[in-house]
Amino acid sequence: MKNFQYMLALLVLLLFSNHMIGQKIKSVNQNSKTKDSTEVKHEKDSSYVSLNLSYISDAVFLGRKDSVAMPYLYASAMYHHKSGIYGMGSLSYLTKANESRVDLFLASLGYDFSYNNFDGDISITKYFFNEDSYNVISQVSADVTVVLSYDFQYFNLAATAANYFNNNSTSDFFLSTEVSHDFITRNQKFQISPSVGLYFGSQNFYQEYYTNRGSSGQGQGQGQGGTVNSTSGYNITVEESETFNIMAIEFGLPVWYEVEHFIFMFYPTYVIPQSPSRLIVDDVVYEEDLDPTLYFVLGVSLKI
């Protein structure tokens, strides 16, 4: 069923959340079916180290992003024990001209398992953002994430539940579902798996993003709210940020190619944000202007 079982670490980039992107990239590699059952069984019975280097065109989280693009170069290393326990560390380097810096460091500890056509993963991740970061999830401090998936042969069904903890003691709960189908070449080296997903959650993280990056004047702090030209120096509130709503509809087209111990991956994603926020800026109410976004991940992974 899942042939590069747990091949890669949770890659980092939130908002394209560093961690959510990491989960996504890990999921892509888990869903690869280009190895036979003997090789898969050997991988499950062995401990290994995996390394990944990826380029992410923009930091997008549930369709939300800063008004200024945030391209990242992401590097991660993971040790996976044959018991299913793994640990990972990663760095996200902002490659934007005149702002080059390490923007985020992530540390994760998790456990994954597989039984017949059923897979599961539970992880805890700690975030360390640069104080100048204007990533929309820059006020998230940690998360606990559970991912469950099942291969029905004709399609794959996955569900994710996550709780994100923010710096001001608030938190956000997210749920997502994704359906995908695998197309594999006869030589078992190339795979493409179109997918569609629905994402639900609250927006306390967004309130903190505007409060700490907008009113303090740090970073860009403008979000995607095109009706608000500048948020610096203002008192900003995201109306009903604790409400649980549909956040985004996402279409993905992950493609990857295997060469011995290497996996080359290209993962374009088109996300349509839902439930735009109502921003109260010094008692004036603005409705956020959210536009669909096309972004991509390009990367290579090595298992040792």
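Worth saying up front: this structure is predicted, and the values here are computed from it rather than measured. (Residues numbered from 1 in each chain as written. Predicted model: local features only at pLDDT ≥ 70, side-chain atom pairs only at ≥ 80, totals over all residues. Heavy atoms only, no water.)

**A short note on the overall build of the protein**
From N to C terminus, the protein includes 3 helices and 19 strands. Sequence-distant contacts, at least 24 apart, represent 63% of the contacts inside the protein between residues at least 6 apart. Of the roughly 12900 Å² that the protein leaves accessible, carbon and sulfur atoms contribute 59%. (Helix = DSSP H or I, 4+ residues; strand = E, 2+ residues; numbered from the N terminus. Contact = heavy atoms within 4.5 Å. Areas by Shrake-Rupley, 256 points an atom, 1.4 Å probe, with all protein chains shown as cover.)

**Description of the pattern of salt bridges**
With the rule as written, the count across this model stands at 3 salt bridges. The partner of D58 in a salt bridge is K65, and the shortest N-O contact between them spans 4.0 Å. You'll find D58 and K65 in the same group, each marked buried. A single salt-bridge network, built from bridges that share partners, covers E99, R101 and D103. (Salt bridge = Lys/Arg side-chain N within 4 Å of Asp/Glu carboxyl O. Buried < 20%, exposed > 50% of the residue type's maximum accessible area, 1.4 Å probe, protein only.)

**Some words on a nonpolar patch on the surface**
On the surface, L53, Y55, L73, L91, Y93, V102, F105, F128, F266 and L298 cluster together into a nonpolar patch covering about 850 Å² of accessible area. Breaking the nonpolar patch down by element, the ones donating at least two residues are β2 (48-56), β4 (85-94) and β5 (101-115). Among the structural elements, L91 can be located in strand β4. (Patch = residues over 30% accessible without salt bridge, like charges linked within 9 Å, V, L, I, M, F, W, Y side chains within 5 Å.)

**Here's the deal with the nonpolar core**
Formed by 26 residues in total, the largest nonpolar core has its most connected members in F61, Y127, I137, Y164, F205 and Y210. Looking at this core, the elements that each hand over two or more residues are β5, β6 (118-129), β8 (156-166), α3 (204-214), β13 (236-238), β14 (245-252) and β17 (278-281). Here this core gets 4 residues from one element, more than from any other, and that element is α3. With 17 residues, the next largest nonpolar core counts L94, W256, I263 and V297 among its residues. (Core = buried A, V, L, I, M, F, W, Y, C linked by side-chain atoms within 4.5 Å.)

**What about the pairing of strand β7 (residues 140-151)?**
Every regular strand shows the same layout, with side chains that alternate between the two sheet faces. Here β6 runs beside β7; their pairing, made up of 9 bridges, is antiparallel. Residue pairing in the sheet places D119 in a bridge with S149 of β7. Relative to β8, β7 is paired through 11 bridges, and the arrangement is antiparallel. Bridged to D143 within β8 is Y164. Connecting the antiparallel pair β7 and β8 is a turn made up of 4 residues, with Q153 showing a positive phi of about 75°. (Pairing = 2+ DSSP bridges.)

**Side note on the pairing of β14**
As judged from the 7 bridges shared by strand β12 (residues 195-201) and β14, these two strands associate in the antiparallel manner. If you follow V196 over to β14, its bridge partner there is F251. Pairing analysis gives 5 bridges linking β14 to strand β16 (residues 262-273), with the strands arranged antiparallel. By the bridge assignment, I249 is partnered in β16 with I272.

**Observations concerning the layout of surface pockets**
Considering only enclosed or pocket space, the second largest pocket measures out at about 150 Å³ in volume. If you trace the second largest pocket, you find it lined by Q203, V238, E239, E240, S241, T243, N245, S275, P276, S277 and R278. Residues that form the lining of the second largest pocket fall into these classes: 2 nonpolar, 6 polar and 3 charged. (1 Å grid on protein atoms, 1.4 Å probe; cavity = no way out; pocket = protein on both sides within 12 Å on 5 of 7 lines; lining within 4 Å. Points joined across faces, edges and corners; volume = space filled by probe spheres on them. Nonpolar A, V, L, I, M, F, W, Y, C, P; charged D, E, K, R; others polar.)

**Quick word on the sheet that holds β13**
With respect to topology, 3 strands assemble into an open sheet ordered β13-β17-β18, the strand pairing being antiparallel. For this open sheet the edge positions go to β13 and β18 (284-287), each flanked by a neighbour on one side alone. On average, each strand axis in the sheet is tilted by 25° relative to the strand beside it, whichever way the strands run. As judged from the 4 bridges shared by β17 and β18, these two strands associate in the antiparallel manner. By the bridge assignment for β18, R278 is matched with E287. (Axes fitted to C-alpha atoms, helices over the stretch in contact; angles between N-to-C directions.)

**Thoughts on the confidence of the model for the protein**
Model confidence for the protein is summarised by a mean pLDDT of 81, while 78% of its residues fall at 70 or above. The secondary-structure element of the protein with the lowest mean pLDDT is strand β1 (residues 11-14), recorded at 32, while β12 shows the highest, at 96. Here residues 1-19 is a poorly scored stretch, pLDDT under 50, and it has 152 contacts once near neighbours within four places are set aside; other chains count. (pLDDT = per-residue confidence, 0-100.)

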